[in-house]
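Examination of the molecular architecture
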Amino acid sequence: MPALCLWLALLCAGPWMAAGKQEAVLYDDLGHSFSLAGPPRRIVSLAPDITEILFALNLGPRIVGVTRYCDYPPEVGRIEKVGGLVDPSLEKIQVLHPDLVIAFRGNSIGIVNRLRSLGSPVFVLNSGTSLAGVLEVIKRIGRLTFQPESAGRLCRELEDRRRGLELALGNVGNTPRIFLSVPGQGFWTCGAQGYLNDLIIQARGVNIAGGIRRRWLNLTREQLVRENPEVIIVMAKNLEAFRSMRDRLLSDARLKAVGAIRTRNIRFLDEDSASRFGPRLFQALEDVARILHPERFPGGL
Amino acid sequence: MKTPLKKPVLLLALLALLALTIGLSLLIGPAPTSGRDLWNFLVQGDKTYATIFLDLRLCRVILAFLVGACLSLSGAILQGYFQNPLADPFVVGVSSGASFGAVLCLALGFQTVVLGVPVQSLFAFATGFALVIAVYLLSQRKTVFKVETLLLTGISAGALASSFTSFLLFLRSDSFEQAVFWLLGSVQLADWRQVITIAPQFLACLFLAQWLAKDMNLLVFGDEAARSLGSPVERVRKAYLAAATLLAAVSVSVAGIIGFVGLVVPHGVRLLIGPDHRYLFALSSLAGGVFLVACDLLARTLLSPTELPIGIITAALGAPIFIYLLHKRT
């Protein structure tokens, strides 16, 4: 029985098995074990999501390499770029002497394996399917970087923001049907398995693609007309990109029957905060909630 | 036709080019290094520079050389085999079969590594080879085996496999980016294990090709004539097809589909030295290796630290050289 309890306790601890007091052994999302002897001092981040989380944990000064897509916060500009998501330069990473490389889903698995075989300590994280998953990733990075307290603090802050929003929304009666337009050719949006679907639900909206078991998918005009969204939220890098997508939707004669297009209810959402699996996702949550239920936020949030 | 270039001249020129491209490839990279760093590494054995110079750059150069040599030799064999200058290593469907296997692996999410070899490479190798065997058996069902039937069956089967590949890519658009990188070819992930896998296969095939080169020279006069001159035509054909397929499949499985090398390099070498296969095979291999090392050098330095797929460079660099040769020497 005690053995069973211990086993259950370990199971609940999940990937956070600690072997010994000093040396923590973690398992990454590819199942590789990872032991850290001390706080990492030279971190390479292979995704903008990771970079933002590291900065949010005040680890900016310890980052020695990022991708060319890492552009937030602005201080990231002075950090060495090691390449892109699928094609980071092995050489550049090697000369940076990292004691921790954090990779993300979307990085080429070949690169990750090659880095590991060259002796770089790589930790691979998967993005989750919900906002709670962000907190999970933050906590794991906190653990990995010996900053569990500040990770805990950040998670509590974000959770408080989410709860505040929940209170503000209260029991809103109407849940508008929305089409969340993700950048890309055609009409890309997120399906049931994407974390943005969770974001829409928490902002008290209904994702018109929420019944489709995919992460991302490209809707047809037929689907748009049939699902008839009341609001279209366009994720865009800037207002210019937003306007061009809005004009494309408004001028498309085949979409005239869509409610949101008839009422010109097309709104802007900052792509960077919504497309990165990091703390700014909670800002995006508030933005979407404000778009869907403006009456609940008379004086701003 | 001008008089063929002297073989030793071409050999020396290629060796000089090889030395030059290897030297440059070792010194140039995203991590700034100088000749002094190389010297310091050679004298003192600095560990970081050991990784950069040996595990990353040298390993990559050798792999690029071997892949280029394999593709070029495979093309040289098949151009002789089909008596057709348009033949290349992928003509009987190896590349389409192999890319189907690789993309299938991506689509199914298989990412494991078996005995140090990514399962994706194994898939690519197996499907590429299986497709050619199927094509061969299909074209043999008629009582007489005809080379044209093999060629046409190969092209059709390749088209079929390509359509499956496109279908998979369409279904799993999230793995698209990685698949594209693979479909355009790259030696970015070179490691010593790949070098060790590919080197003996290349050497064995080169040995076989050289050994049978006289028979290949006879095939130029037609199968009947070659047979009457005492050449075991069927066995020679089988051996060459197997070798060419093996070479193409193994290079695709480590580096993806790198086009143009296998078509242009052997053809160019033939324009320079004439059609004697005893020299054509060896010199084509060498030229293909040098060519791919040069292309890889450009692929990784032009937009550094971003790497271009090598297939873009092979076509961009190879086509003008080839057109020049065609006009100059015919």
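Computed from a prediction, not measured in an experiment: that's the story for all the values here.

A short note on the interface of chain A and chain B
With 27 residues of chain A at the interface, the matching set in chain B holds 24 residues. Counting across the chain A and chain B interface gives 1 salt bridge. Where R57 of chain B meets E91 of chain A, a salt bridge forms, and the shortest distance between an N and an O atom there is 2.6 Å. Taken together, the connections running from chain A to chain B amount to 4 residue pairs in polar contact (both at pLDDT 80 or more). Elements with a minimum of two residues in the side of chain A that touches chain B: α3 (90-95) and α4 (109-117) of chain A. When its residues are assigned to classes, the side of chain A that touches chain B shows 10 nonpolar, 9 polar and 8 charged.

What to know about helix α9 (residues 239-250) of chain A
Residue and element names in this part refer to chain A. Its 12 residues place the ends of α9 16 Å apart at the C-alpha level, agreeing with the 16 Å of an ideal helix rising 1.5 Å per residue. Here α9 has its buried residues at F242, M245 and L249. The buried residues of α9 occupy an angular sector of 70 degrees when the element is viewed end-on, so they sit on one face. For α9, the elements touching its buried residues are β7 (177-181), β8 (187-190), β11 (231-236), α10 (259-262) and β12 (266-270).

Description of the pairing of strand β5 (residues 100-104) of chain A
Residue and element names in this part refer to chain A. Burial of β5 is extensive: 5 of the 5 residues sit out of reach of the surface. What you see with β5 is no split at all: L100, I102 and F104 on one side and V101 and A103 on the other are buried throughout. Sheet topology places strand β3 (residues 43-45) next to β5; 3 bridges connect them, and they run parallel. Within β5, the residue paired with S45 across the bridge is I102. In the sheet, β5 pairs with strand β6 (residues 122-125) via 4 bridges, with the strands oriented parallel. When the sheet's bridge partners are listed, V101 is paired in β6 with V122. Each parallel crossover has a hand, and the one from β5 via α4 to β6 is right-handed.

Remarks on the domain arrangement of chain A
All names here are of chain A. Domain annotation for chain A reports domain 1 (3-158) and domain 2 (170-296). The gap between the C-alpha centroids of domain 1 and domain 2 is 30 Å. Listed as interface residues are 23 residues of domain 1 and, on the opposing side, 18 residues of domain 2. For the domain 1 and domain 2 pair, buried surface summed over both sides reaches about 1700 Å², with 63% attributable to carbon and sulfur atoms. Contact with domain 2 buries area across many residues of domain 1, yet E52, T129 and L131 alone supply 35% of it, more than any other trio. Between K237 and D71 there is a salt bridge; the shortest N-O distance is 3.9 Å. On the surface where domain 1 and domain 2 come into contact, there are 7 residue pairs in polar contact (both at pLDDT 80 or more).

The rules behind the values
Residues numbered from 1 in each chain as written. Chains lettered and ligands numbered in written order. Predicted model: local features only at pLDDT ≥ 70, side-chain atom pairs only at ≥ 80, totals over all residues. Heavy atoms only, no water. Contact = heavy atoms within 4.5 Å. Salt bridge = Lys/Arg side-chain N within 4 Å of Asp/Glu carboxyl O. Polar contact = N/O pair within 3.5 Å; in protein donor to acceptor, adjacent residues only side chain to side chain. Helix = DSSP H or I, 4+ residues; strand = E, 2+ residues; numbered from the N terminus. Nonpolar A, V, L, I, M, F, W, Y, C, P; charged D, E, K, R; others polar. Expected span 1.5 Å × (residues − 1). Buried < 20%, exposed > 50% of the residue type's maximum accessible area, 1.4 Å probe, protein only. Arc of directions from axis to C-beta. Pairing = 2+ DSSP bridges. Right-handed = clockwise from strand over helix to strand, strands pointing away. Domains from an automatic or database assignment. Buried area = accessible area lost by both parts, 1.4 Å probe.

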